[in-house]
Amino acid sequence: MKKLFVAAIVAFAGFNIMKKLFVAAIVAFAGFTAVQAQASVSKVEIVSVQDSVVKTPIKLEELPEAIKTVLQTDPYKAWTPTAAFSVKDGSKSYFQVDVKKEQETASLKFDAEGKPVE
């Protein structure tokens, strides 16, 4: 009977050690997974595609000089540029500049030489 009791204690102690090792392995795996998830985050560029139109946001400073010059002349100088996009529509490409004047908003389209596009 004494041998059976000792065997039961050893088996229980072994089970407890295995349980702790199992929990430690799960915690280590979860920590490794969290580190890998953080390392895989990357910058995403937003591009809008409607039908065959590809509209890519650009900084206002990246607009061609010709467009910047046109925006400083009448009738455009009363408007404030708020956003700019490079647009490719099939074989056509142009720049779209969103502008605002008080509560009004508008979108202007220019080619690379600063000429309005319809």
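Everything discussed here concerns the structure shown above.
Keep in mind that this is a model prediction, so the values were computed, not measured. (Residues numbered from 1 in each chain as written. Predicted model: local features only at pLDDT ≥ 70, side-chain atom pairs only at ≥ 80, totals over all residues. Heavy atoms only, no water.)

Looking now at the environment of Ala84. Within the secondary structure layout, Ala84 lies in strand 3 (residues 80-89). Put simply, Ala84 and Asp98 are 14 residues apart on the chain and 6.2 Å apart in space, counted from C-alpha to C-alpha. When sequence neighbours within four positions are dropped, the list of residues in contact with Ala84 reads Thr56, Pro57, Ile58, Lys59, Leu60, Leu63, Gln96 and Val97. (Helix = DSSP H or I, 4+ residues; strand = E, 2+ residues; numbered from the N terminus. Contact = heavy atoms within 4.5 Å.)

So, on to unusual backbone geometry. Of note, the amide linkage connecting Asp74 to Pro75 takes the cis form, showing an omega dihedral of -5 degrees. A positive phi is found at Glu102, a non-glycine position, where the angle reads about 55 degrees. Within the secondary structure layout, Glu102 lies in the loop between strand 4 (92-101) and strand 5 (104-110).

Under the counting rule described, the total for this entry stands at two salt bridges. When the shortest N-O distance is used, the salt bridge between Glu65 and Lys68 registers 3.2 Å. Of this pair, Glu65 and Lys68 are both found in helix 2 (residues 65-71), three residues apart, which corresponds to roughly one turn of the helix. Relative accessible area serves as the criterion here: at 23%, Lys68 is assigned to the partly exposed category. (Salt bridge = Lys/Arg side-chain N within 4 Å of Asp/Glu carboxyl O. Buried < 20%, exposed > 50% of the residue type's maximum accessible area, 1.4 Å probe, protein only.)

Another aspect to go through is the pairing of strand 3. Where strand 2 (residues 53-58) lies against strand 3, six bridges are found, and the strand directions are antiparallel. The residue bridging Thr56 from the neighbouring strand is Ser86, located in strand 3. Where strand 3 lies against strand 4, nine bridges are found, and the strand directions are antiparallel. By the bridge assignment for strand 4, Ala83 is matched with Asp98. Counting the residues in the hairpin turn of strand 3 and strand 4 gives two residues, including Gly90, whose phi is positive at 65 degrees. (Pairing = 2+ DSSP bridges.)

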